[in-house]
There are 2 protein chains.
Amino acid sequence: MPTYKAPLRDTRFLMNEVFDFPAHYAGLSNGGDATPDMVDAILGECGRFCEEVLAPINLSGDLEGCTFENGEVTTPKGFKEAYEQFVAGGWQGLSHPAEYGGQGMPMSLGLIKSEMMGTANWSFTMYPGLSLGCMNTIMQHGDDTQKNLYMPPLVEGRWTGTMCLTEPQCGTDLGQVKTKAEPQSDGSFKLTGTKIFISAGEHDLAENIIHIVLARLPDAPAGTRGISLFIVPKFLVNADGSMGERNPVTCGSIEHKMGIRASATAVLNFDGAVGYMIAKPNKGLEAMFTFMNTARIGTAVQGVAHAELSYQGSLPYALERRSMRSLSGKKEPDKVADALIWHPDVRRMLLTQKAFAEGGRAMIYFAAQYADHMTNGIIENDQKKYEYWDDKLGFFTPILKGFLTEMGLEAANIGMQVFGGHGYIKEHGMEQIARDARIATLYEGTTGIQALDLLGRKVLLTTRGKCVRDFTGDVLKFCGRHARNKKMRRYVWDLTKLCAQWNYLTTRIMLAARKERDMVGAASADFLMYSGYVTMAYFWALQAAVAQEKLENGGAEQPEFYQAKLQTAEFYFERLLPRAQAHATSMLAPVKSLMQMDKDHFAFF
Amino acid sequence: MPTYKAPLRDTRFLMNEVFDFPAHYAGLSNGGDATPDMVDAILGECGRFCEEVLAPINLSGDLEGCTFENGEVTTPKGFKEAYEQFVAGGWQGLSHPAEYGGQGMPMSLGLIKSEMMGTANWSFTMYPGLSLGCMNTIMQHGDDTQKNLYMPPLVEGRWTGTMCLTEPQCGTDLGQVKTKAEPQSDGSFKLTGTKIFISAGEHDLAENIIHIVLARLPDAPAGTRGISLFIVPKFLVNADGSMGERNPVTCGSIEHKMGIRASATAVLNFDGAVGYMIAKPNKGLEAMFTFMNTARIGTAVQGVAHAELSYQGSLPYALERRSMRSLSGKKEPDKVADALIWHPDVRRMLLTQKAFAEGGRAMIYFAAQYADHMTNGIIENDQKKYEYWDDKLGFFTPILKGFLTEMGLEAANIGMQVFGGHGYIKEHGMEQIARDARIATLYEGTTGIQALDLLGRKVLLTTRGKCVRDFTGDVLKFCGRHARNKKMRRYVWDLTKLCAQWNYLTTRIMLAARKERDMVGAASADFLMYSGYVTMAYFWALQAAVAQEKLENGGAEQPEFYQAKLQTAEFYFERLLPRAQAHATSMLAPVKSLMQMDKDHFAFF
């Protein structure tokens, strides 16, 4: 079972040396309190909480799972106590406004916190994680009464929240939502319908659960333009904030899932449950998706989390377990055999995990700064600023969510592979990581949906390729700055070629799609993965440049840390980045290679 | 939950139209009874048994799992009855000699049987599957007394067998085996030690279990040269074949595994258990590995099985579930949304599963003919013949086992992906396939071990590249035969280039490995995957050639079947084969990109 340790050395490297978070925070309207000392203290405290409280109940939580009886859900042993500590530590409100009891820190710090907590125990982190979506929706679209009533206990963590979108007949295609909302004479609504896959939809951690629910008014137009958004509390809330009667929204069952078994996934039945409209009638989907970019980056974090945790499990095993002799001569002649880590293919596996974990972390932290600016736009009531940064973030969101969760799954499976047959056994905890990681490419929009969002919406429809040109422009500027550095030459050269290729591929697809609309869907998955590999290449080059500089200027504390960064970057460019070329070839394949088969000819028996 | 249907149409296509099994069987010394009619009857009966008996207890077997109490293992509900039917049907002895009660059919038919049964219920198939290893070892290395005593009930299926290799401290590195065998005055031995991961090591399906055990004699040299092989029955067997007393080999526990949960994986404690030596002292490993190639192909089958089963689950879902509208216009305007199968990316997923399942099946059937010849060498007591075919098979074994199990895992995960969030829920059965498939890249030698076996042993050490030259020679002959067929041109051209590249890569690695021994391990995984993609490309081209001919000559029954073959081949070449190029690039990367990192610099906290 992996013993989680917070990767603070890497976090500090990224925050202080690669992305200059101190300067970034100093420039934010809500960054004043995020001084380097304060940030460091928060990270240290968060790391301790993760290592001592959350990690120890990760494997046991999986083995026990949640139980459902008489409409009530019991979380596994230790979850309630851990959640109490989470609330007592003020962790829920870290990045929420002080006026509602939060600590008012920038959103990025909340993301970094959730990365650590999620790595230690993803199932646990789902409970407060869902509250974020609920709080963000109320903050952005609720009226003052709603904010004052619901935000303080949510920010405190005394209550949690959910997002109720999916129904049995539809997940991605929310235009098919059927849940009904009947207006009442007092301005409230009565909701009737069934929602499924509701994470944290029912549990024993909090006094109340505030559901944010998509439903249709009686006169609503069909499809996505007829969906409204409602607040439906588990217990109604009196005007003074005290708890009222139980609302008829009940948990019908919880799902038996492959993984994240300590996270309760509820079927919720709304039987005339009282709801309060939030945002405008029939504008529910837009409101719900306001924070989609940050929610999806919150899921992208899972890719990094599971790559990291699996790596933390497989590395010590590779250092301790002895098998066979190195082909290049005995490495530990006094031992019965050489440790796994001497075998090149085991190193390939470990370095793949490391490259994905640390490369993905860099991508998340970079995007987190955009999210900070976007949130500042909201805080400052500056719609233009908000939209500018939300758009910039919007390009990276599907790349991060789509690519990093796939890589997290690969890394988690590699972790099992390093363990050999032992990886398949529950007690070692490695297979749990692979099962937990498996959900990440499915929820918050499958990889296929991310791919369509990236290529269809962000690249082609909204910007006609400009977002690719903009980002590659930034990458080329980086290349220009390092072109004369001998040790950076191979990165600069590869990235320069890739930037040209990325734009070329975009143009080719754009032209092809004019003739054949299905070209977009046909190319999308390969385009997403290609974009992911290239983006991660840039962030590895960025880390290499900083490491190179540190080592050249001498006096770097712990030079081996920077050396390892350079070596991992080299590994990434030599052995993972070539995959991008396979995707480049496939994405330009003729549409007919997918579409020509008659749907009734896929199988014959 | 996928409803398994035996893919008899494809099996017949491969057996009768692609590989000409009737002629192949006619040329075997044990193929006389395998007339087309008889084969067809067996396949049909086997399919029915799989569909009606094995498939219905696949999901329930996973949910219930095996239970362990007081040293006894209980298989899930229905397994005992299914196993009784398996025995009654004479399925165990299908490919075993008539003199021991078998049906004497060629080995290939046994492999095809195990593909169908394994697809319907892999966990179930593990029980009789392990018996095969045991029977093969006794047949090849046992003396007549041992054969007469143990073979009949094993062939009947009344008893089952195991292979006891792994110990807590070693799996791959069997030189570390510690189990002791003390010679007794009566010529028997007493074995003491612990074996783990023993599939079918204890269960309630059979009267007796015959363990084949690796252990060391007291005076044995260290390492792999000091290992002997023993028969250790659970119940001792009297000279007349009747059951004697219980041997002190006991089940200490069974593993809690990620998947194949209905297959019992036992920890076996040998406390002075009576054993009988088989083969020569200290030659146990060689004897154990006699049938390694066929055993590993038996595991390669799992890749095909899980690709097929997952495809059989995801295809109907893609045809029935409706979500969004096709980007190229509404396809089912009278429905609330278009079926998933209209979306190009869903087709990409389905066709990937189909290409792996059918391409992998072709690879297995091809290798199965080699296995038939090899077995004929044994039957005819023709050591040279045996070795010739075993060597030929030996080149394909790691490709099939390594590549197909990885592809099976990918296909199983794709099956979940087609289901979206529903893929993560146990009741649909799709996540079980992914969990069951996950073991295949770990047991019978991990993918990394297959890669070393292929590149290090088969390609470089034993044949200095000749096995690649031989196989690509066959492929080029195929290309020559079809070079003038316009519709085959793209396959011929791609394969011709790939054959040249495969030999080039082999030579490059061979030269590099002379200077740096670690080049072999560094390149091995990419070399394996490259070899897999190219080999599968050949088998898709082969199928395409047959389909093309059928369609051209007109009069093909069910022309859409052949059309679909051509379309799948095209998909494979356009959208999967490009991955080979990524592996070609990575495998030539400098060794230092893997080896330069100090083992203590992989992580910093």
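Everything numeric in this text was worked out from a predicted model, so none of it was measured.

Caption draft 1: Seen up close, the overall build of chain A. A tally of helices and strands in chain A yields 20 helices and eleven strands. On C-alpha atoms alone, chain A measures out to a radius of gyration of 24 Å, which is about the 25 Å that the 2.2 N^0.38 rule sets for 605 residues. Oriented by its inertia axes, the alpha-carbon framework of chain A measures out at about 80 × 65 × 60 Å. The burial tally for chain A puts 65% of its 605 residues in the buried class. Taking the contacts inside chain A whose residues are at least 6 apart along the sequence as the reference set, 73% of them involve residues at least 24 apart. Summed over its atoms, the accessible surface of chain A is roughly 21200 Å², and 52% of this surface lies on carbon and sulfur atoms. Counting 62 positive and 67 negative side-chain charges, chain A places the averaged centre of each group 8 Å from the other.

Caption draft 2: Main features of the UniProt feature "domain: Acetyl-CoA dehydrogenase-like C-terminal" (unreviewed entry) in chain A. Here the UniProt feature "domain: Acetyl-CoA dehydrogenase-like C-terminal" (unreviewed entry) sits at residues 472-598 of chain A. Between the end C-alpha atoms of residues 472-598 of chain A there is a gap of 39 Å, over a span that is 82% helix and 0% strand.

Caption draft 3: Inspection of the pattern of salt bridges at higher detail. A full pass over the atoms with the stated rule returns 60 salt bridges over all chains. Two residues, Arg-158 of chain A and Glu-207 of chain A, come together in a salt bridge whose shortest N-O distance is 3.4 Å. With a gap of 49 residues between them, Arg-158 of chain A in the loop between α8 (144-156) and β3 (159-164) and Glu-207 of chain A in the loop between β5 (189-199) and β6 (208-215) connect regions that are remote in the sequence. Residue Arg-158 of chain A is classed as partly exposed on the basis of its relative accessible area of 32%. Taking the relative accessible area as the measure of exposure, Glu-207 of chain A reaches 41% and is therefore partly exposed. Ionic pairing is found between Arg-579 of chain B and Glu-410 of chain B, a salt bridge with its closest N-O pair at 2.8 Å. On the criterion of sequence distance, the pair formed by Arg-579 of chain B in helix α19 (residues 579-587) and Glu-410 of chain B in helix α12 (residues 383-418) is long-range, its members being 169 residues apart. Taken together, the salt bridges that share partners define one network made up of Asp-10, Glu-115, Glu-308, Lys-354, Glu-358, Arg-361 and Lys-565 of chain A.

Caption draft 4: How the structure looks around the domain arrangement of chain A. Residue and element names in this part refer to chain A. Each domain of chain A was delimited in the assignment, giving domain 1 (8-288), domain 2 (292-445) and domain 3 (455-593). On a C-alpha basis, the centres of domain 2 and domain 3 stand 19 Å from each other. On the side of domain 3, 22 residues touch domain 2, which itself brings 24 residues to the contact. Interface area, domain 2 with domain 3, both sides summed: about 2000 Å², of which 79% is carbon and sulfur. Along the contact surface separating domain 2 from domain 3 lie two salt bridges. Along the contact surface separating domain 2 from domain 3 lie four residue pairs in polar contact (both at pLDDT 80 or more). Elements that contribute at least two residues to the side of domain 2 that touches domain 3 include exactly α11 (344-379) and α12 (383-418). Examining the composition of the side of domain 2 that touches domain 3, we find that twelve residues originate from one element, α11, more than from any other. Looking at side-chain class alone, the side of domain 2 that touches domain 3 contains 13 nonpolar, six polar and five charged residues.

Caption draft 5: Main features of the side chain of Gln-543 of chain A. Residue and element names in this part refer to chain A. Assignment of secondary structure puts Gln-543 in helix α17 (residues 518-552). Its relative accessible area of 0% is what places Gln-543 among the buried residues. Within polar-contact distance, the side chain of Gln-543 engages the side chain of Lys-565 at 2.8 Å. Residues contacting Gln-543, with those up to four places away along its chain left out, are Asp-10, Phe-13, Leu-14, Val-18, Glu-358, Gly-359, Ala-362 and Lys-565.

Caption draft 6: How the structure looks around the packing of helix α10 (residues 292-320) of chain B against helix α13 (residues 430-438) of chain B. Residue and element names in this part refer to chain B. Look at α10 against α13: their axes get within 10 Å of each other, and the N-to-C directions meet at 170°. Judged by the angle between their axes, α10 and α13 are roughly antiparallel. Counting all contacts with α10, which are made through Gln-302, His-306, Leu-309, Ser-310, Gly-313 and Ser-314, the residues of α13 involved are Met-430, Ile-433, Asp-436 and Ala-437. The residue inventory of the contact of α10 with α13, partitioned by class, reads four nonpolar, five polar and one charged.

Caption draft 7: The packing of helix α15 (residues 466-482) of chain B against helix α16 (residues 489-515) of chain B, seen in detail. Residues and elements named next belong to chain B. Orientation of α15 relative to α16, taken along the N-to-C sense of each, is 165°, at an axis distance of 9 Å. The angle between α15 and α16 places the two elements in the roughly antiparallel class. Considering how the two elements wind past one another, α15 and α16 form a crossing that is left-handed. Residues Val-468, Arg-469, Phe-471, Thr-472, Val-475, Leu-476, Phe-478, Cys-479 and His-482 of α15 form the contact with α16, whose participating residues are Val-492, Leu-495, Thr-496, Cys-499, Trp-502, Asn-503 and Thr-506. A class-by-class count of the residues in the contact of α15 with α16 yields ten nonpolar, five polar and one charged.

Caption draft 8: How the structure looks around the UniProt feature "domain: Acyl-CoA oxidase/dehydrogenase middle" (unreviewed entry) in chain A. Those places that UniProt annotates as "domain: Acyl-CoA oxidase/dehydrogenase middle" (unreviewed entry) correspond, in this numbering, to residues 163-271 of chain A. Each end of residues 163-271 of chain A is marked by a C-alpha atom, and these two atoms are 18 Å apart; helix forms 0% of the span and strand 47%.

Caption draft 9: Molecular detail of the relation of the copies chain A and chain B. When chain A is fitted to chain B, the residual RMSD is 0.0 Å, and the transformation amounts to a turn of 180° plus an axial shift of 0.0 Å. One copy is carried onto the other by what is essentially a two-fold rotation axis. Taking C-alpha positions as reference, the residue of chain A nearest the rotation axis is Ala-582 of chain A, located at 2.9 Å. A share of 100% of interface residues in chain A that are also interface residues in chain B marks the association as one of identical surfaces.

Caption draft 10: How the structure looks around helix α11 (residues 344-379) of chain B. Residue and element names in this part refer to chain B. Spanning 36 residues, α11 covers 51 Å between terminal C-alpha atoms, matching the ideal 52 Å at 1.5 Å per step. Most of α11 is tucked away: 33 of the 36 residues are buried. Just downstream of α11, Asn-381 is the residue with a positive phi angle, here 55°.

Caption draft 11: Looking closely at the pairing of strand β3 (residues 159-164) of chain B. Residue and element names in this part refer to chain B. Across the six residues that make up β3, a large majority, six, are buried. Going residue by residue along β3, you find Trp-159, Gly-161 and Met-163 tucked away on one face and Thr-160, Thr-162 and Cys-164 tucked away on the opposite face as well. Pairing of β3 with strand β6 (residues 208-215), which is carried by six bridges, proceeds in the parallel orientation. Looking across to β6, one finds that Thr-162 is bridged to His-211.

Caption draft 12: Structural view of the interface of chain A and chain B. On the side of chain B, 102 residues touch chain A, which itself brings 102 residues to the contact. Across the contact surface, chain A and chain B share two salt bridges. In this structure, the salt-bridge partner of Lys-592 of chain A is Glu-570 of chain B, at a minimum N-O distance of 2.5 Å. Where chain A touches chain B, the interface holds 48 residue pairs in polar contact (both at pLDDT 80 or more). Considering every element that reaches the side of chain A that touches chain B, the biggest residue donor is helix α18 (residues 559-576) of chain A, with nine residues.

Caption draft 13: Quick look at the side chain of Ser-323 of chain A. With respect to the helices and strands, Ser-323 of chain A occurs in the loop between α10 (292-320) and α11. Taking the relative accessible area as the measure of exposure, Ser-323 of chain A reaches 11% and is therefore buried.

Caption draft 14: How the structure looks around the packing of aromatic side chains. Using the criterion set out here, one finds 68 aromatic pairs over all chains in the structure. Between Phe-189 of chain A and Phe-230 of chain A the ring centres are 5.0 Å apart and the planes differ by 65°, which places this aromatic pair in the edge-to-face class. One end of the pair, Phe-189 of chain A, is in strand β5; the other, Phe-230 of chain A, is in strand β7 (residues 228-233), with 41 residues separating them in the sequence. Each member of the pair, Phe-189 of chain A as well as Phe-230 of chain A, is classed as buried. Each ring, one from Tyr-491 of chain B and one from Phe-573 of chain B, has its centre 4.6 Å from the other, and the planes form 65°; the classification is edge-to-face. Linking Tyr-491 of chain B in helix α16 with Phe-573 of chain B in helix α18 (residues 559-576), this pair joins segments that are 82 residues apart in sequence. One exposure class covers both Tyr-491 of chain B and Phe-573 of chain B, and it is buried.

Caption draft 15: Inspection of unusual backbone geometry at higher detail. Residues and elements named next belong to chain B. Although it is not a glycine, Ala-200 sits at a positive phi angle of roughly 60°. With respect to the helices, strands and loops of the structure, Ala-200 is situated in the loop between β5 (189-199) and β6. Judged by its relative accessible area of 0%, Ala-200 is buried. Phi at Ala-279 is positive, roughly 65°, even though this residue is not glycine.

Caption draft 16: Summary view of helix α6 (residues 107-120) of chain B. With 14 residues, α6 of chain B extends 20 Å between its outermost C-alpha atoms, agreeing within 8% with the 20 Å of an ideal straight helix rising 1.5 Å per residue. Burial runs high along α6 of chain B: 14 of the 14 residues are buried.

What counts, and at which threshold
Residues numbered from 1 in each chain as written. Chains lettered and ligands numbered in written order. Predicted model: local features only at pLDDT ≥ 70, side-chain atom pairs only at ≥ 80, totals over all residues. Heavy atoms only, no water. Helix = DSSP H or I, 4+ residues; strand = E, 2+ residues; numbered from the N terminus. Rg over C-alpha atoms; globule rule 2.2 N^0.38 Å. Buried < 20%, exposed > 50% of the residue type's maximum accessible area, 1.4 Å probe, protein only. Contact = heavy atoms within 4.5 Å. Areas by Shrake-Rupley, 256 points an atom, 1.4 Å probe, with all protein chains shown as cover. Lys, Arg positive; Asp, Glu negative; His and termini not counted. Charge placed at Lys NZ, Arg CZ, Asp CG, Glu CD. UniProt positions renumbered as here; feature names shortened; annotations may be inferred. Salt bridge = Lys/Arg side-chain N within 4 Å of Asp/Glu carboxyl O. Domains from an automatic or database assignment. Buried area = accessible area lost by both parts, 1.4 Å probe. Polar contact = N/O pair within 3.5 Å; in protein donor to acceptor, adjacent residues only side chain to side chain. Nonpolar A, V, L, I, M, F, W, Y, C, P; charged D, E, K, R; others polar. Axes fitted to C-alpha atoms, helices over the stretch in contact; angles between N-to-C directions. Parallel < 35°, antiparallel > 145°, perpendicular 65-115°, else oblique. Left-handed = near helix turned anticlockwise from the far one by under 90°. Least-squares fit on C-alpha atoms with pLDDT ≥ 70 in both. Expected span 1.5 Å × (residues − 1). Pairing = 2+ DSSP bridges. Phe/Tyr/Trp six-rings, centres within 6.5 Å; stacked < 30°, edge-to-face > 60°.

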